[in-house]
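# Residue-level structural notes
The residues making up each chain are set out below.
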Amino acid sequence: MPEGQSVGTRAGQPNPTAIDAYAPAEIAQRVAGAGVKKAAAPLTQTLVLAVLAGVFIAFGGAFFTLVMTGSPLGFGPARLLGGLAFCLGLILVVVGGAELFTGNNLIVMAWAERKVTTARLLRNWGLVYLGNLIGALAMVALVWLSGSLALGEVAATAAAIAEGKTALGPLEAFVRGILCNALVCLAVWLCFAAHSVPGKIFALLWPITAFVALGFEHSVANMYLIPIGQLAGGGLDLSAFLGNLLPVTLGNILGGGLGVAGVYWAVYLRHA
């Protein structure tokens, strides 16, 4: 099979395997093209879609918190179910359409292709990061006002999650951020291989479940999980929040931007 040709679509020929996916070289071209469009999107559109992504990821974080509460299954199985629950956020982002900072680290492919300037790259990241933060903090306020943390032991779970995250040292948080966004960007990468909504959902399900179950750190998820957990535990601690968010964000950039986008650019696009 020639590299760059889609599996399962051979010039109108029948597809007995029922496999329908873009080949990796095609995925690289699609990701780079999407990066160009994202970087050129209008400010208002980018910011609004980023706020939505912050809300969507917070929904996933809230679902994760509930599923992790009172589980009799033991540590591993409970983390697996929690990871599956958290996938709600990424499904809403990918299928519903939103701008997520961690996924947008893949714009590095278009930047490496010199189709996006450094200024455009940083503009997109800055707007999307700000929008994600606004959306996540809005959900913190709404969940708190809804009283849903008063349901049984959910508040204690939320507080324990936040405490565990803010207790990480800077190096641990940074490395967990690298590992997390390698999996998140691989999930987005796999979504670009799919032609259908079910295909996209199934592609992202396992990498996202894995990063949550393994305890890796996602900056946008932490924009919700840490403040809501601190509120549930008695009060906000801005220094502890930022002490986690900064190294995790830097790790996310490295894991997604270099570890996924940079590597795949070097493999498929550098000599194109």
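A short tour of the structure in this document, coming up.

Calculation criteria
Residues numbered from 1 in each chain as written. Predicted model: local features only at pLDDT ≥ 70, side-chain atom pairs only at ≥ 80, totals over all residues. Heavy atoms only, no water. Axes fitted to C-alpha atoms, helices over the stretch in contact; angles between N-to-C directions. Helix = DSSP H or I, 4+ residues; strand = E, 2+ residues; numbered from the N terminus. Parallel < 35°, antiparallel > 145°, perpendicular 65-115°, else oblique. Left-handed = near helix turned anticlockwise from the far one by under 90°. Contact = heavy atoms within 4.5 Å. Buried < 20%, exposed > 50% of the residue type's maximum accessible area, 1.4 Å probe, protein only. Salt bridge = Lys/Arg side-chain N within 4 Å of Asp/Glu carboxyl O.

A word on the packing of helix α2 (residues 43–67) against helix α5 (residues 118–146). Put simply, α2 and α5 touch, their axes get as near as 6 Å, and they point 45° apart. Between α2 and α5, the angle is such that the two are oblique. The two elements α2 and α5 cross, and the hand of that crossing is right-handed. Contact with α2, carried on its side by Leu43, Thr46, Leu47, Ala50, Val51, Ala53, Gly54, Val55, Ala58 and Phe59, involves Arg123, Asn124, Leu127, Val128, Gly131, Asn132, Ile134, Gly135, Ala136 and Met139 of α5 and no other residues of that element.

Even without a glycine there, the phi angle at Arg114 is positive, about 65°. Assignment of secondary structure puts Arg114 in the loop between α4 (108–112) and α5. For Arg114, a relative accessible area of 78% gives the class exposed.

One pass over the full model with this rule turns up two salt bridges. Between Glu99 and Lys38 there is a salt bridge whose closest N-O contact spans 3.0 Å. Highlighted residues: Glu99 in the loop between α3 (75–96) and α4 and Lys38 in helix α1 (residues 24–40), separated in sequence by 61 residues. A relative accessible area of 11% means that Glu99 is categorised as buried.

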